[in-house]
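A structural walkthrough
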Amino acid sequence: MRTVELVCSPGLEGAVRGAWERLAAAGLPSLARNTHPTNRPHLTLAAVDEFPPGARRRLTDLFDAALPLPVRLDRIAVLGGSAPLVWLLHPSPQLTALHAAVWDVLAGAPGQRPWHAPGSWRPHLSLALRFRDADRRRARAVAGADRPDGTFVAGRSYDGESRTVSPLGGAGP
């Protein structure tokens, strides 16, 4: 599997990591417990089995032109009852357009994940996996009521087989 992701500015990354730490300190599930070097706050735009020919260059060009991209966080939610705890994002017209452009680049790629498709995608930054909806209220109180603003500064791709990331443009840290 190959993903297409946006990486947060240092300030936004710090806000999300702070929520991860507060959740872990409260004994709740948290991505703070994932110590793999590729684990960092990010927004997944798409995931496919493999990139079509020329996609990497086109995605890099797309991100070089579109980033940095301002973003505003919304409420904390649990997707699907017993699934990820996430910080939803306000889907600005610029973010929605970038997402659609990524899907245009990946048109016809094998293994497209339908939950990332335009019309189904719910932009979010993950806070925890396999989270119980019953703990949502507590998680909101612990993670923080703030809705910080920030910026996406770079693109990257995660390779699920090698568990490595590679840059896809932008001017990130």
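Now for a description of the structure that goes with this document. (Residues numbered from 1 in each chain as written. Predicted model: local features only at pLDDT ≥ 70, side-chain atom pairs only at ≥ 80, totals over all residues. Heavy atoms only, no water.)

Now for the packing of helix α1 (residues 10-25) against helix α4 (residues 136-143). α4 packs onto α1 with a crossing angle of 125 degrees between their chain directions and a minimal axis gap of 8 Å. Taken as axis vectors, α1 and α4 run oblique relative to one another. For the pair α1 and α4, the sense of crossing is right-handed. Residue-level inspection shows A19, R22 and L23 of α1 in contact with α4, the latter providing A139, V142 and A143. Residues that form the contact of α1 with α4 fall into these classes: five nonpolar, no polar and one charged. (Axes fitted to C-alpha atoms, helices over the stretch in contact; angles between N-to-C directions. Helix = DSSP H or I, 4+ residues; strand = E, 2+ residues; numbered from the N terminus. Parallel < 35°, antiparallel > 145°, perpendicular 65-115°, else oblique. Left-handed = near helix turned anticlockwise from the far one by under 90°. Contact = heavy atoms within 4.5 Å. Nonpolar A, V, L, I, M, F, W, Y, C, P; charged D, E, K, R; others polar.)

Turning to the pattern of salt bridges, a few remarks are in order. For side chains of opposite charge, pairing can occur when their charged atoms come near one another. Counted by the stated rule, this structure contains seven salt bridges. The closest approach of N and O atoms between R113 and D49, which form a salt bridge, is 3.1 Å. Of this pair, R113 sits in the loop between α3 (93-105) and β5 (124-132) while D49 sits in the loop between β2 (42-48) and α2 (55-66), placing them 64 residues apart in sequence. According to the relative accessible area criterion, R113 is buried, its value standing at 17%. Here D49 falls in the partly exposed class, since its relative accessible area comes to 42%. One connected set of salt bridges, linked through shared partners, spans E13, R17 and R40. (Salt bridge = Lys/Arg side-chain N within 4 Å of Asp/Glu carboxyl O. Buried < 20%, exposed > 50% of the residue type's maximum accessible area, 1.4 Å probe, protein only.)

Roughly 750 Å³ of volume is contained in the largest pocket. Elements with a contribution of two residues or more to the lining of the largest pocket: β1 (2-8), β2, β5 and β6 (149-159). Of the residues contributing to the lining of the largest pocket, the split by class is 13 nonpolar, 11 polar and six charged. (1 Å grid on protein atoms, 1.4 Å probe; cavity = no way out; pocket = protein on both sides within 12 Å on 5 of 7 lines; lining within 4 Å. Points joined across faces, edges and corners; volume = space filled by probe spheres on them.)

Okay, unusual backbone geometry next. Look at the link from L67 to P68: it is a cis peptide, with omega at 5 degrees. With respect to the secondary-structure elements, P68 resides in the loop between α2 and β3 (69-78). Positive phi is not limited to glycine here, since R163 has a value of about 55 degrees. By the element assignment, R163 lies in the loop between β6 and β7 (164-170). Residue classification places R163 among the partly exposed residues on the basis of a relative accessible area of 43%.

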